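# Structural features, examined
If you want the building blocks of each chain, they are given just below.
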Amino acid sequence: MFILQLDPTYWFPVHFPFAKDGKWHTATFDGCFVRMDSEQLAAFEEEVRQHKLTDSQVAPRVLVNWRGVAGPDRTEIAYSAEALADACRKFPSLASNIVATWHSTHHKVAEKNF
């Protein structure tokens, strides 16, 4: 049965590359994202374009929680806007990958197998 109602948020894995010790590594965590209907999405994308918002400004508006993020001592770090901002400062590609993940989950086009 197809139920015409979705939760206002959803979990989806976020992958992002970073360099360490002369090699590329990929980190992964689960992000909880804001779900937008087509009207909300169009309005938000227009706001992003109009105000030329950066990925660092968009990421905290679309990511509302995470799991699988830990500090150097492997203790899990609770999500907060401050923790996200700190992580984005430490890993410059993080904000872009958060936004790209969120964007792709709203715009994924069905792929046809031939």
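Residues numbered from 1 in each chain as written. Predicted model: local features only at pLDDT ≥ 70, side-chain atom pairs only at ≥ 80, totals over all residues. Heavy atoms only, no water.

## Side note on the overall build of the protein
For the record, the criterion: Segments assigned H or I by DSSP are reported as helices when at least four residues long, segments assigned E as strands when at least two residues long, and all are numbered from the N terminus. Note on classification: 1.4 Å probe, protein chains only; a residue is buried when its accessible area is under 20% of the maximum for its type, exposed when over 50%, partly exposed between these limits. Pairs of residues are marked as contacts when any of their non-hydrogen atoms sit within 4.5 Å. Accessible areas in this description were obtained via Shrake-Rupley with a 1.4 Å probe; residue shielding takes into account the shown protein chains only.
From N to C terminus, the protein includes four helices and three strands. Expressed as lengths along the three principal axes of its C-alpha atoms, the size of the protein is roughly 45 × 40 × 30 Å. A buried classification covers 28% of the 114 residues belonging to the protein. When contacts within the protein are restricted to residue pairs at least 6 apart in sequence, those whose partners lie at least 24 apart make up 55%. Of the roughly 8400 Å² of accessible surface on the protein, 55% is carried by carbon and sulfur atoms.

## Details of the sheet that holds strand E1 (residues 9–20)
Rules: Strand pairing is assigned whenever DSSP identifies at least 2 bridges connecting the two strands. Orientation is described by lines fitted to C-alpha atoms, with helices fitted over the stretch in contact, and by angles between N-to-C directions that extend from 0 to 180 degrees.
Spatially, E1-E2-E3 is the arrangement adopted by the three strands of the open sheet, whose pairing is antiparallel. Looking at which strands have only one partner, the edges of the open sheet turn out to be E1 and strand E3 (63–67). Averaged over all adjacent pairs, the angle separating strand axes in this sheet is 40°, with direction ignored. Inspection of the sheet shows E1 paired to strand E2 (residues 23–34) by 12 bridges, in the antiparallel sense. Looking across to E2, one finds that Phe 12 is bridged to Gly 31. On the sheet, helix H4 (residues 94–107) packs against E1, E2 and E3 and is oriented at approximately 145° with respect to E1.

## Observations regarding the packing of aromatic side chains
Condition: Put simply, two rings from Phe, Tyr or Trp (the six-membered ring, in Trp's case) pair if the centres are within 6.5 Å, and we call them stacked under 30 degrees between planes, edge-to-face over 60, tilted for the rest. Put simply, a charge is over a ring when the Lys NZ or the Arg CZ is close to the ring centre, within 6 Å, and near the line of the ring normal, within 35 degrees.
A full pass over the atoms with the stated rule returns eight aromatic pairs. Ring centres 5.2 Å apart and planes at 90° place the aromatic pair Trp 66 and Tyr 79 in the edge-to-face group. Remark: Tyr 79 occurs in the loop between E3 and helix H3 (81–90) and Trp 66 occurs in strand E3; sequence separation between them is 13 residues. Residue Trp 66 is classed as buried on the basis of its relative accessible area of 5%. Residue classification places Tyr 79 among the partly exposed positions, given a relative accessible area of 21%. An aromatic cluster of three or more residues is present, and its members are Phe 16, Phe 18, Phe 29, Trp 66, Tyr 79 and Phe 91. The ring of Trp 11 carries Arg 67 above its face, with NZ or CZ at 3.9 Å from the centroid.

## Examining the pattern of salt bridges
To be explicit about the condition: A side-chain nitrogen of Lys or Arg and a carboxyl oxygen of Asp or Glu constitute a salt bridge if their distance falls within 4 Å.
Scanning the model with the defined rule gives five salt bridges in all. The partner of Arg 67 in a salt bridge is Asp 30, and the shortest N-O contact between them spans 3.3 Å. Within this pair, whereas Arg 67 is found in strand E3, its partner Asp 30 is found in strand E2, the two being separated by 37 residues in sequence. By relative accessible area, Arg 67 is classed as partly exposed at 39%.

## Here we look at the environment of Lys 90
Put simply, the rule reads: Side-chain atoms alone can form a polar contact between residues adjacent in sequence; in general such a contact is a pair of N or O atoms within 3.5 Å, and within protein one must be able to donate a hydrogen while the other accepts it.
With respect to the helices, strands and loops of the structure, Lys 90 is situated in helix H3. Accessibility expressed as a relative area gives 56% for Lys 90, which makes it exposed. As for Lys 90 and Glu 46, which are separated by 44 residues in sequence, their C-alpha atoms are 29 Å apart. Engagement of the side chain of Lys 90 in a polar contact is seen with the side chain of Asp 86, the distance being 3.0 Å.

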